Amino acid sequence: MASLATDFLGIKSPNPFWLASAPPTDRYINVTRAFRAGWGGVVWKTLGEDGPPVVNVSGPRYGAIYGSDRRLIGLNNIELITDRPLQVNLQEIKQVKREWPDRAMVVSIMVPCEEESWRRILPLVEDTGADGIELNFGCPHGMSERGMGSAVGQVPEYIEMVARWCKATTRMPVIVKLTPNITDIRRPARAAKAGGADAVSLINTINSVMGVDLDRMCPTPHVDGKGTHGGFCGPAVKPIALSMVSEIARDPETYGLPISAIGGITTWRDAAEFMAMGAGTVQVCTAAMTYGFKVVEEMITGLQGWMDSKGYRDLEAFRGRAVGNTTDWQFLNLNYAVKARIDQDLCIKCGRCHIVCEDTSHQAIWPVVNGQRKFVVNDAECVGCNLCADVCPVDGCISMEPQHQGVDPRTGLDYGRPYANWTTHPNNPAARVTAE
């Protein structure tokens, strides 16, 4: 059976699944329950200074977006960091680590952007025996208004500065948690590396307003008739997280920087995709909030089963293998051609492929052939965009088939032309100037 054993920055765990923002109530009991369910590690809910203590709202903290079957696809929260006493948290961290020495224990920290604040709290965390720390530079609400969280994470110079402070103060590995609320995720990642950080974790939640209550005329969730922006997470943010992880994994300046991936991880397949994109561990929060701690059981068995089927003996056998196939648009092969094909035996004749192609795409699907309702692709118009396959309700009914021989009736060009990208394309003015 494939091994899921993980060594991330020297932090060892039986699998790469780490429970993020470990439960806000009695954490000793809850983290113990999580470890019994099979989680490989935890990232303890963010600690801060005791004075003044953090105050969370005593009311709705979450808003949700559902799919048509009421499956949760996105969650917004306005909760802040822990509001429990620092010493209570530290005692519980120490006790859990003592009783579960084989599990990863990473402690998330957020204090004011002052060197003395970091120098005060780091030795206290180190004394617990924790394996590492995560600098929370990502929270987009509440704490950011106080000059912490994403207010730090949006300024690369601050990231580098605080990372240096921490590396000079503690022996523990330092992980910098990045905010997605920035234009170029590579800049804060580079700053973290320049400051000596051992790794980055991403993404934190995305700044959002979940909706508007049209009866009360206020954002949701609301507290006494008022609402605010919060952090968006869950399955809907996974594509954004994957993109940002890929940017850091393939950036020459941060290539090889260890990554702990976060963002919409709900199944073993999600985890495998992030690891194929270079992540060493994956952090999970919303899935546990939706399905409970035991969701990790399917993640473990599913990942092992897939690895066995592919012949991967350990995680390193496939980690990062998708990075080399991730590129910028300008380097895509513009001579590559595919055409849609509809399996008539699977087609239920719902017509959705025709409607979306006719109304919003390239008018490349005939709805009637020889007087009969039948959906057939018109190769002379099909650009291979695969919108029809995406909206088809029958899995596998529409496939996208590469074309290698003959002439494309849409363009009149041979299918077998060699690789060529935008940098050399005759329609590219810059390419023409270079050639001249």
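The structure this text deals with has already been given above.
A.B. asks: What is the right way to read the layout of surface pockets from this model?
C.D. replies: Over the atoms rolls a probe the size of a water molecule, and its path tells where empty space is left. In this structure, the largest pocket encloses a volume near 730 Å³. What lines the largest pocket is a set of 43 residues, among which Ala-20, Ser-21, Asn-77, Thr-205 and Cys-285 lie closest to the centre. Listed by contribution, the elements that provide at least two residues to the lining of the largest pocket are strand S3 (17-22), strand S4 (41-47), strand S6 (72-77), strand S8 (132-136), strand S16 (230-233), strand S18 (281-284) and helix H9 (286-291). For the lining of the largest pocket, the residue count by class is 24 nonpolar, 15 polar and four charged. Taken as a whole, the second largest pocket holds about 410 Å³ of empty space. Lining the second largest pocket are 19 residues, with Pro-258, Gly-278, Gly-280, Glu-316 and Arg-319 positioned closest to its centre.

A.B. asks: Explanation requested: the packing of aromatic side chains in the structure shown.
C.D. replies: For any pair of aromatic rings, geometry is given as the distance between the ring centres together with the angle between the planes. Under the defined criterion, the tally for this structure stands at eight aromatic pairs. Where Phe-8 meets Trp-18, the ring centres are 5.8 Å apart and the plane angle is 90°; that geometry is what we call edge-to-face. Of the two residues, Phe-8 sits in strand S1 (residues 6-8) while Trp-18 sits in strand S3, which places them ten residues apart along the sequence. By relative accessible area, Phe-8 is classed as buried at 4%. Between Tyr-312 and Phe-318 the ring centres are 5.4 Å apart and the planes differ by 35°, which places this aromatic pair in the tilted class. Phe-318 carries the same exposure label as Tyr-312, and that label is buried. The lysine or arginine in question, Arg-70, covers the ring of Tyr-66, its NZ or CZ lying 4.1 Å from the ring centre.

A.B. asks: Please explain the sheet that holds strand S11 (residues 206-208) as it appears in this structure.
C.D. replies: Each strand in a sheet pairs with its neighbour through backbone hydrogen bonds, running either in the same direction (parallel) or in the opposite one (antiparallel). On the basis of which strands lie adjacent, the open sheet formed by four strands has the order S5-S6-S16-S11 and antiparallel pairing. On the outer flanks of this sheet lie strand S5 (62-66) and S11, each paired with one strand and no other. Strand after strand, the sheet turns through a mean of 35° between neighbouring axes, direction not considered. Pairing geometry for S6 and S16, over three bridges, is antiparallel. Its bridge partner being in S16, Leu-75 is matched across the sheet by Cys-233.

A.B. asks: Help me understand the pattern of salt bridges, please; the structure alone is not making it clear to me.
C.D. replies: As a working rule, side chains carrying opposite charge can pair if their charged atoms are close by. The final tally for this structure, using the stated rule, is 23 salt bridges. Two residues, Lys-97 and Asp-131, come together in a salt bridge whose shortest N-O distance is 2.7 Å. Residue Lys-97 is located in helix H2 (residues 86-99), and its partner Asp-131 is located in the loop between helix H3 (115-126) and S8; the two are separated by 34 residues in the primary sequence. Of the residues examined, Lys-97 reaches a relative accessible area of 11% and is grouped as buried. In this structure, the salt-bridge partner of Asp-408 is Lys-339, at a minimum N-O distance of 3.1 Å. Taken together, the residues span a long stretch of sequence, with Asp-408 in the loop between strand S22 (398-402) and helix H13 (429-435) and Lys-339 in strand S19 (residues 338-342) at a distance of 69 residues. You'll find Asp-408 and Lys-339 in the same group, each marked buried. Each member of the salt-bridge network shares a partner with another, and the members are Lys-45, Arg-61 and Glu-79.

A.B. asks: Got a minute to help me understand a nonpolar patch on the surface in this structure?
C.D. replies: A surface patch of nonpolar side chains, amounting to about 350 Å² of accessible area, comprises Val-212, Leu-214 and Met-217. Residue placement: Leu-214 occurs in the loop between strand S12 (211-213) and strand S13 (218-220).

A.B. asks: Where do I start with the nonpolar core in this structure?
C.D. replies: Looking at soluble globular proteins, one finds that nonpolar side chains tend to be buried together. Within the largest apolar cluster, 83 residues are counted, with the highest numbers of intra-cluster contacts made by Trp-39, Val-125, Leu-202 and Leu-303. Excluding anything up to four places from it in sequence, Leu-202 contacts Leu-178, Ile-185, Met-244, Val-245, Ile-248, Ile-259, Ser-260, Ala-261 and Ile-262. Judged by nonpolar contacts, the second largest core, of 14 residues, contains Ile-342, Cys-347, Phe-375 and Cys-392.

A.B. asks: Is there a simple way to explain empty space enclosed by the protein in this structure?
C.D. replies: Overall, the coordinates contain three cavities of 30 Å³ or more when judged by the stated rule. Cys-357, Ala-364, Cys-382, Cys-385 and Cys-388 are, among the 16 residues lining the largest cavity, the residues nearest its centre. Those elements that place two or more of their residues in the lining of the largest cavity are helix H11 (352-360) and helix H12 (387-391). Tallied by class, residues from the lining of the largest cavity come to twelve nonpolar, four polar and no charged. Here the second largest cavity defines a volume of roughly 80 Å³. The wall of the second largest cavity is formed by 14 residues, among which Cys-347, Cys-350, Cys-353, Cys-392 and Cys-397 lie closest to the centre. Among the residues forming the lining of the second largest cavity, the class breakdown is eleven nonpolar, one polar and two charged.

A.B. asks: What's the story with H2 in this structure? I'm lost.
C.D. replies: An α-helix turns once per 3.6 residues; consequently, residues spaced three or four apart project the same way. For H2, spanning 14 residues, the distance from its first C-alpha to its last is 20 Å, which sits close to the expected 20 Å at 1.5 Å a residue. Along H2, the residues that are buried comprise Leu-86, Asn-89, Leu-90, Glu-92, Ile-93, Val-96 and Lys-97. Mapping the buried residues of H2 onto a view down its axis gives an arc of 165°, with all of them on the same face. Residues of H2 that are exposed and point more than 90 degrees away from the buried face comprise Gln-91 and Arg-98. Looking at the buried positions of H2, the neighbouring elements they touch are helix H1 (27-37), S4, strand S7 (104-109) and H3.

A.B. asks: Please clarify how the packing of H1 against H2 should be interpreted in this entry.
C.D. replies: When two helices pack together, their arrangement is given by the angle between their axes and by how far apart the axes lie. For the pair H1 and H2, interaxial distance at closest approach is 9 Å and the crossing angle is 30°. As far as their axial angle goes, H2 and H1 are roughly parallel. Both H1 and H2 take part in a crossing whose hand is right-handed. Contacts between H1 and H2 involve Arg-27, Tyr-28, Val-31 and Phe-35 from the first element and Asn-89, Glu-92, Gln-95, Val-96 and Glu-99 from the second. Here the contact of H1 with H2 is built from residues that sort into four nonpolar, two polar and three charged.

Definitions and limits used
Residues numbered from 1 in each chain as written. Predicted model: local features only at pLDDT ≥ 70, side-chain atom pairs only at ≥ 80, totals over all residues. Heavy atoms only, no water. 1 Å grid on protein atoms, 1.4 Å probe; cavity = no way out; pocket = protein on both sides within 12 Å on 5 of 7 lines; lining within 4 Å. Points joined across faces, edges and corners; volume = space filled by probe spheres on them. Helix = DSSP H or I, 4+ residues; strand = E, 2+ residues; numbered from the N terminus. Nonpolar A, V, L, I, M, F, W, Y, C, P; charged D, E, K, R; others polar. Phe/Tyr/Trp six-rings, centres within 6.5 Å; stacked < 30°, edge-to-face > 60°. Buried < 20%, exposed > 50% of the residue type's maximum accessible area, 1.4 Å probe, protein only. Lys NZ or Arg CZ within 6 Å of the ring centre and 35° of its normal. Pairing = 2+ DSSP bridges. Axes fitted to C-alpha atoms, helices over the stretch in contact; angles between N-to-C directions. Salt bridge = Lys/Arg side-chain N within 4 Å of Asp/Glu carboxyl O. Patch = residues over 30% accessible without salt bridge, like charges linked within 9 Å, V, L, I, M, F, W, Y side chains within 5 Å. Areas by Shrake-Rupley, 256 points an atom, 1.4 Å probe, with all protein chains shown as cover. Core = buried A, V, L, I, M, F, W, Y, C linked by side-chain atoms within 4.5 Å. Contact = heavy atoms within 4.5 Å. Expected span 1.5 Å × (residues − 1). Arc of directions from axis to C-beta. Parallel < 35°, antiparallel > 145°, perpendicular 65-115°, else oblique. Left-handed = near helix turned anticlockwise from the far one by under 90°.

All quantities given are derived from atomic positions and should not be read as evidence of function.
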